[in-house]
Amino acid sequence: NAEGVVGVRLPELTLDKNDEDLVKLADAWERTWNESDVKQKWEAAGDENEKYWRGEHYNRPTADKSRAMVDNAIFEGLETYLPQVTRRNPEPMVVLAVGEEADQAKQDFVHALQLELGEIADEVKLRLKLKGAARHQSVRLLGAVKLGWDLDNDRPAVKVVRPQKLILDPEAATDEDGYQGDRQGEHRRLPAWKIVALIEKDPTQKENVEYITTELAKGDMATEIGFVEWWTVDYMFWKCGSRVLLKRKNPHWNYDEEVTSAVTGESEQGISAEQPIQGPEATPELPQGAPAVPQVPQADAPAPQEPRKGVNHFKSRRMPYVLLSIFNLGKQPVDATSLMGQNLANQDLINKRNKQIDKNADNANSGMVVSLERSGLTKDQAARVAEALRKGGVVTIPAGNPQEAVYKPQQGEIPAYVYNQLVDTRQRVRDIWGTRGSSPAGIEGETTVRGKIISRGLDTDRIGGGISEYLEQMADDIYNWIVQLLYVYDDRFQEQFAQGVVPPRVKVSVKEGSLLPKDSQTIANQAIELSGAGKMSLIDLYKRLDYPNPEQLAANVWLEANAPELLFANDPRVQQVMQQRQQSAVSAAKPPSTSISYKDLPPVGQVQLAEQAGIKLDAEGLAAHAGAKEAGKKEVPSNLPGAGESGL
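In this report, the structure presented in the accompanying data block is examined. A quick note: this is a predicted structure, and the numbers were derived from the prediction, not measured. (Residues numbered from 1 in each chain as written. Predicted model: local features only at pLDDT ≥ 70, side-chain atom pairs only at ≥ 80, totals over all residues. Heavy atoms only, no water.)

### Describing the sheet that holds strand E2 (residues 143-150)
- In spatial order, the strands read E3-E2-E11; together these three strands make up an open sheet with antiparallel pairing. Taken across any chain shown, the strands that pair with only one partner, and hence form the sheet edges, are strand E3 (155-160) and strand E11 (321-324). Averaged over all pairs of adjacent strands, the angle between their axes in this sheet comes to 20°, without regard to strand direction.
- As defined by bridge partners, E2 adjoins E11 across four bridges and the pair is classed as antiparallel. Residue pairing for E11: Val145 is matched across the bridge by Val322.
- Across the sheet, helix H5 (residues 126-140) is in contact with E2, E3 and E11; its angle to E3 comes to roughly 25°. (Pairing = 2+ DSSP bridges. Helix = DSSP H or I, 4+ residues; strand = E, 2+ residues; numbered from the N terminus. Axes fitted to C-alpha atoms, helices over the stretch in contact; angles between N-to-C directions. Contact = heavy atoms within 4.5 Å.)

### Section: unusual backbone geometry
- Backbone geometry at Leu141 places phi at a positive 65°, although glycine is not the residue there.
- By relative accessible area, which is 4% here, Leu141 ends up buried.
- The backbone phi angle of Asp154 is positive, close to 55°, even though this residue is not glycine. (Buried < 20%, exposed > 50% of the residue type's maximum accessible area, 1.4 Å probe, protein only.)

### Re the pattern of salt bridges
- For the coordinates displayed, the defined rule picks out 23 salt bridges.
- Arg492 is the salt-bridge partner of Glu116, the closest N and O atoms lying 2.5 Å from each other. You can see Glu116 sitting in helix H4 (residues 104-123) and its partner Arg492 sitting in helix H15 (residues 491-498), a full 376 residues away along the chain.
- Classification of Arg492 by relative accessible area gives partly exposed; the value is 27%.
- Close ionic contact of Arg183 with Asp169 constitutes a salt bridge, the shortest N to O distance being 3.5 Å. Separated by 14 residues along the polypeptide, Arg183 in the loop between strand E6 (178-179) and strand E7 (184-191) and Asp169 in the loop between strand E4 (166-167) and strand E5 (174-175) bring together distant segments of the chain.
- Judged by relative accessible area, which is 11%, Asp169 ranks as buried. (Salt bridge = Lys/Arg side-chain N within 4 Å of Asp/Glu carboxyl O.)

### Some thoughts on the packing of aromatic side chains
- What the rule picks out here adds up to ten aromatic pairs.
- Ring geometry for Trp53 against Phe75: centres 5.9 Å apart, planes inclined by 40°, an arrangement best described as tilted. Taken as a pair, Trp53 in helix H2 (residues 37-54) and Phe75 in helix H3 (residues 73-85) lie far apart in primary sequence, 22 residues in all.
- Residue Phe75 is classed as partly exposed on the basis of its relative accessible area of 37%.
- Geometrically, the ring pair formed by Phe314 and Trp481 is edge-to-face, given 5.1 Å between the ring centres and 85° between the ring planes. In this pair, Phe314 sits in the loop between strand E10 (243-249) and E11 while Trp481 sits in helix H14 (residues 449-489), placing the two residues 167 residues apart along the sequence.
- By relative accessible area, which is 2% here, Trp481 ends up buried.
- The ring of Tyr211 carries the charged tip of Arg243 above its face, separated from the ring centre by 4.3 Å.
- In this structure, Arg318 packs its charged tip against the face of Phe314, placed 3.9 Å from the ring centre. (Phe/Tyr/Trp six-rings, centres within 6.5 Å; stacked < 30°, edge-to-face > 60°. Lys NZ or Arg CZ within 6 Å of the ring centre and 35° of its normal.)

See below:
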């Protein structure tokens, strides 16, 4: 809480500094970190934690090649705890920022961006990266992830960095808002040919290219060259010894650019990037439903343009590191303690009690005492007597009472409280980690199912509030960084930005609770109940049951009910049955043909049939004609109405 100067006097970093001043500044930064008490205590605690995690709890003589007897409860706790907090991929959520007018194009862009974040998370194995960072935080009191662009695969890169490689500001802190220092360094190494390929295009780096090629690599360009990469929010540079190999403005940022005239080649002023001049060529659209480019009426003469503003997801530049710090009081950039550090004393007690029990068990097969005077045996004979008794043989004593001549002391049992304390200490370790209800040994004492469920629920609350929310925030920062990297390096976005297409402002976050440890059996039962009640779709049910391909399973169910011939198209038996069913359906759909004789119809029926054919007949005439035929009379004159049959 002192006022005035409270730190080392350091100049501000600017790229117009010469290389000599830049090297002095970097050396001062590194010296400040290396000589600080923060680093000394942090490294000592991390080294001790790592030994306990590996099971090297006690220092043994170098000549002793035996394996130490260790019940490593710390390793059990950490490696039970980590799979639970990283069991599922953090689900990205993308929504329009407040103030953005929602339309279909913007909604499509948001949906496409969310899908792409999910694909990138799977490609970069984000869940394993979070697990690695959480392991470093538990062992080394700090987890670190670095963001960049993978040139080989043309996608964002997410890399877990060993904390020992970092150079931090000992006066800074790491809190829920991230690392608060103004600088950050990282010890890196690259093959000599790759460094040369990056810097040889710069004519001012000819001396460095020659230095790397001849003095360091000595012609062997696959040689690994170590250097320190320094970052501030504005600049980045590489330092190797007393040389600066590379210096750049923060490359992960789209800077404002001036638009030059295609005619004069000079910069133009006037129209902003949000209102580009309408050219003769159609403006391409962003993939997967990006917002359309607003149209501006054509002017008779080209209007001046303002400097094109760089499009970025972040509101300000950042260093490309995301640090994981949990047990921090805001006094230093690394954690003051960890769950592993809090369990070291318990682990020592477990090892001590195990050794006591082991020693007592070894003494159960105690030796014997032989009286030479009462048994009449010599020393060598007494040794053979002891060996014979162990093998169950018969021993004769020349003189004396055998019970007085040979004495075998009885080893007392170890007190019960020793073992009880061992069991209690093991449970205490699991309680601190929050894994008591997650291991069979931890819930062995629970005799009811409800008791086991309650114990498991308490673990979930313990882990969820202790580490899951920090990992979710870390994943949140990583997803936001991925969007920024897409804006800067992805050619699809760069082409659109050059045409004046500005994506809508979006908010990227992680679904709350997506990393909380959940009991698979409980989730499955709830999903089955909801599906049975008609409150959950099949595809959501299969996702909850963790089936590997839920979309395909749901589609197969629909096809089996609605179009089985498509689902089983490759089975000839199914094809044969479907053909038979189709033929039967066609036959059933065609009505049977019927015929009736006109002469057999009564007069009224004949009249109706004739009307269908467009002929009008007299029913009375037909009736008279029919009666004359039956009576054997001569034929009715043909001039009677309705008498002729040839008209039908």
